[in-house]
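Each chain is listed here by its residues.
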Amino acid sequence: MGTVAGRILADRITGDTNPHGELFSPHRVSLRAAPTLAQMNTAVALDLIGDRLVPPDADGDDVPVGTARGEVRRAGQKGVYRDRTGAVHAVSLRCTHLGCLLRFNGAERSWDCSCHGSRFDVDDTVLEGPATLPLPRREV
Ligand code: FES
């Protein structure tokens, strides 16, 4: 697809018509894609709303080494991770992109957002966007 994209872009720059330009146009409208688009956006909306209704896992004091938990405090939801040395890392569980609730990914040791795919390390740093701002840290 990279080669096709390159040819389409080159033709657009030179003013030539590319036979595949319409097929890959970001402005194309397809009614066949409407159900899939609606289904995907519904899933994101349910995730966004459902996250606010589901209670968190447990209190941060109960977090075993190498695992993480979510909890609710007056300051909002926070994610608590205990590393192998026993040190505890606490961050806000609200994604800095649009506010979806993050979930811990034990395989990657990261806080992941199911809405648009942002990922954060246990200390707050953005690993993958679209989020650009780090997570606010929370007191342990
Ligand atoms: S709300 Fe988290 S990536 Fe968009």
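Scoring rules and cut-offs
- Residues numbered from 1 in each chain as written.
- Predicted model: local features only at pLDDT ≥ 70, side-chain atom pairs only at ≥ 80, totals over all residues.
- Heavy atoms only, no water.
- Helix = DSSP H or I, 4+ residues; strand = E, 2+ residues; numbered from the N terminus.
- Pairing = 2+ DSSP bridges.
- Axes fitted to C-alpha atoms, helices over the stretch in contact; angles between N-to-C directions.
- Patch = residues over 30% accessible without salt bridge, like charges linked within 9 Å, V, L, I, M, F, W, Y side chains within 5 Å.
- Areas by Shrake-Rupley, 256 points an atom, 1.4 Å probe, with all protein chains shown as cover.
- Salt bridge = Lys/Arg side-chain N within 4 Å of Asp/Glu carboxyl O.
- Buried < 20%, exposed > 50% of the residue type's maximum accessible area, 1.4 Å probe, protein only.
- Disulfide = S-S within 2.5 Å.

Caption draft 1: Structural view of unusual backbone geometry. Of the consecutive residues Gly129 and Pro130, the connecting peptide bond is found in the cis state with omega at 25°. Examined against the element boundaries, Pro130 turns out to sit in the segment after strand E7 (126–128). Even without a glycine there, the phi angle at Arg109 is positive, about 55°. Structurally, Arg109 is set in the loop between strand E4 (102–105) and strand E5 (110–113).

Caption draft 2: Seen up close, the sheet that holds E7. An order of E4-E5-E6-E7 is seen for the four strands of this open sheet, with the pairing classed as antiparallel. Strand pairing shows two members of the sheet lacking a second neighbour, E4 and E7, which therefore form its edges. Strand after strand, the sheet turns through a mean of 35° between neighbouring axes, direction not considered. In terms of strand pairing, E4 meets E5 through four bridges, oriented antiparallel. Paired with Leu102 across the two strands is Cys113, which belongs to E5.

Caption draft 3: How the structure looks around a nonpolar patch on the surface. A contiguous nonpolar patch, built from Met1, Leu23 and Phe24 and spanning about 370 Å² of accessible area, is present on the exposed surface. Assignment of secondary structure puts Phe24 in the loop between helix H1 (2–14) and helix H2 (34–53).

Caption draft 4: Quick look at the pattern of salt bridges. Applying the stated criterion across every chain, the model contains four salt bridges. One salt bridge in this structure joins Glu108 and Arg119, with 3.9 Å as the shortest N-O distance. You can see Glu108 sitting in the loop between E4 and E5 and its partner Arg119 sitting in strand E6 (residues 119–121), a full 11 residues away along the chain. Among the residues examined, Arg119 registers a relative accessible area of 15% and is labelled buried. Ionic pairing is found between Arg119 and Asp112, a salt bridge with its closest N-O pair at 3.4 Å.

Caption draft 5: Geometry of the pairing of E5. Along E5, one buried face is formed by Ser110 and Asp112 and the opposite face, lined by Trp111 and Cys113, is buried too. Of the strand pairs in this sheet, E5 and E6 are connected by three bridges, and their pairing is antiparallel. Within E6, the residue paired with Trp111 across the bridge is Phe120. Here E5 hands over to E6 after five residues, with Gly117 in that stretch at a positive phi of 90°.

Caption draft 6: Focus on the environment of Arg84. Checked against the element boundaries, Arg84 lands in the loop between strand E2 (76–82) and strand E3 (88–92). Put simply, Arg84 and Val65 are 19 residues apart on the chain and 5.5 Å apart in space, counted from C-alpha to C-alpha.

Caption draft 7: View of the state of the cysteines. All chains considered together, the criterion is met by one disulfide. Shown here is the disulfide that connects Cys100 with Cys115, its sulfur atoms set 1.8 Å apart. Where Cys100 bonds to Cys115 through sulfur, the torsion about that S-S bond is close to -85°, and the disulfide is left-handed. You can see Cys100 sitting in the loop between E3 and E4 and its partner Cys115 sitting in the loop between E5 and E6, a full 15 residues away along the chain. Note on Cys100: relative accessible area 4%, which makes it buried. Taking the relative accessible area as the measure of exposure, Cys115 reaches 8% and is therefore buried.

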